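The lines below spell out each chain.
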Amino acid sequence: MHLLKLREQIVPFDIDFASTDINLDFKDTRGALSRLLTNRAGIFTWSADNALLGLARAPPKVYHTQRNSKKTLERELKYACEILIQII
């Protein structure tokens with residue numbers, strides 16, 4: 001019963017609870033750096049296989065993830081209410 005009341009009380013609020021997470025992926029950069037360290041003679045070559053050029057072409061990837069806490073809370077409350085209804 002308290003879960004239903006809580007759900008009803010949260011719905012009218014029109015507040016933005018969004019947060020943005022920023023993650024960096026260094027997988028390609030790590031691979032290019034590894035090739036640079038293993039092929040030190042390739043640093044100064046004038047070709048497409050230049051180790052420094054490969055490192056410059058492999059910047060870290062940036063991933064933005066937005067989370068809306070209000071929607072997450074509403075979804076969890078709805079799920080808890082459905083479980084409670086199934087038990088009763």
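The structure under discussion appears in the preceding block.
Keep in mind the model is a prediction, meaning the values are calculated, not measured. (Residues numbered from 1 in each chain as written. Predicted model: local features only at pLDDT ≥ 70, side-chain atom pairs only at ≥ 80, totals over all residues. Heavy atoms only, no water.)

**A few points about the pattern of salt bridges**
Considering all chains together, one arrives at two salt bridges under this definition. Two residues, R67 and D21, come together in a salt bridge whose shortest N-O distance is 2.9 Å. With R67 in strand β2 (residues 61-68) and D21 in strand β1 (residues 18-25), this pair connects stretches of sequence that are 46 residues apart. (Salt bridge = Lys/Arg side-chain N within 4 Å of Asp/Glu carboxyl O. Helix = DSSP H or I, 4+ residues; strand = E, 2+ residues; numbered from the N terminus.)

**Side note on helix α4 (residues 69-87)**
An ideal rise of 1.5 Å per residue puts 27 Å on 19 residues; α4 measures up with 27 Å between its terminal C-alpha atoms. Those residues of α4 that sit buried are K70, L77 and C81. Along the long axis of α4, the arc covered by the buried residues comes to 40 degrees, so they all point the same way. Facing away from the buried side of α4 by more than 90 degrees, the exposed set consists of K71, R75, Y79, Q86 and I87. (Expected span 1.5 Å × (residues − 1). Buried < 20%, exposed > 50% of the residue type's maximum accessible area, 1.4 Å probe, protein only. Arc of directions from axis to C-beta.)

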